[in-house]
Amino acid sequence: AIGAATRDPRMRSVCPSELPTLALEVSVLAAAEPIAGPEQLDPACYGVIARQVVGRGERRGVLLPGIAGIDTVTDQLHVVLHKAGIDPTLPYQLERFTVDKVIRKT
């Protein structure tokens, strides 16, 4: 959580003066389950993990459920594949998971 607040390169760090206005959200992920394909996804209910073997390594992306602006399975797949740098024209595996969220106002 500290790293996310202070060292995430995608956004500026949280500064102490912002703390009173922040809400803390913790997402507790359930165990992921392999799925046969996108038809078993629902971006409102399930998060998704995408994996693709590349040479001797692996590319992997994780996307939580219920993200504003991600309303369709097509959107969900596009974002998670792009996030992981996965080539959608090559084989990849999908898993889904549910999340329990704990939200606390500071």
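Before reading on, note that the structure itself is shown above.
Residues numbered from 1 in each chain as written. Predicted model: local features only at pLDDT ≥ 70, side-chain atom pairs only at ≥ 80, totals over all residues. Heavy atoms only, no water.

Examining helix α2 (residues 73–84)
Applied cut-off: Here a helix means four or more residues in a row that DSSP labels H or I, a strand means two or more in a row labelled E, and each is numbered from the N terminus. In a helix, the anticipated span is given by 1.5 Å times the number of residues less one. In this description, contact between two residues means that some pair of their heavy atoms is separated by no more than 4.5 Å.
Between the first and last C-alpha of α2 there are 17 Å, a value that for twelve residues agrees with the 16 Å anticipated at 1.5 Å per step. Along its buried surface, α2 packs onto β3 (47–54), β4 (57–63) and β5 (93–97). Looking one or two residues beyond α2, the residue adopting positive phi is G85, at roughly 70°.

What to know about the pattern of salt bridges
Note the following rule: In what follows, salt bridge is the name for a side-chain nitrogen of Lys or Arg lying within 4 Å of a carboxyl oxygen of Asp or Glu. With a 1.4 Å probe rolled over the protein chains alone, any residue whose accessible area is under 20% of its type maximum counts as buried; one over 50% counts as exposed, and the rest are partly exposed.
A full pass over the atoms with the stated rule returns six salt bridges. The partner of D8 in a salt bridge is R10, with the nearest N and O atoms 2.8 Å apart. Note on D8: relative accessible area 15%, which makes it buried. For R10, a relative accessible area of 65% puts it in the exposed group. In this structure, a network of salt bridges that share partners links the residues R51, E58 and E95.

So, the sheet that holds β4
Keep this limit in mind: Here, any two strands with at least 2 DSSP bridges between them count as paired. Where helices are involved, their axes are fitted lines through C-alpha atoms of the stretch in contact, as for all axes, and angles between N-to-C directions lie from 0 to 180°.
One open sheet holds the four strands; their spatial order is β2-β5-β3-β4, and the pairing between them is antiparallel. Only two strands of the sheet have a single neighbouring strand rather than two, namely β2 (33–35) and β4. Sheet twist, expressed as the mean angle between neighbouring strand axes with direction ignored, is 30°. Judged from the three bridges that link them, β2 and β5 form a sheet pairing that is antiparallel. Across the sheet, E33 pairs through a bridge with R96, a residue of β5. Seen against the sheet, α2 touches β3, β4 and β5 and runs at an angle of roughly 140° to β4.

Topic: the environment of I86
Within the fold, I86 resides in the loop between α2 and β5. For the pair I86 and G47, spaced 39 residues apart in the sequence, the C-alpha separation amounts to 17 Å. The contact partners of I86, leaving out residues within four places of it in the chain, are A50, R51, Q52, R59, L81 and Y92.

Considering the packing of aromatic side chains
The criterion, for reference: Classification of ring pairs rests on two measures: the distance between centres of Phe, Tyr or Trp rings, Trp counted by its six-membered ring, which must be within 6.5 Å, and the angle between planes, read as stacked under 30 degrees, edge-to-face over 60 and tilted in between. In our convention, an over-ring charge means Lys NZ or Arg CZ found within 6 Å of a ring centre and within 35 degrees of that ring's normal.
Per the counting criterion, the structure on display carries zero aromatic pairs. One cation-aromatic arrangement involves R96 over Y46; the distance from NZ or CZ to the ring centre is 4.1 Å.

Nothing here speaks to function; it is all geometry.
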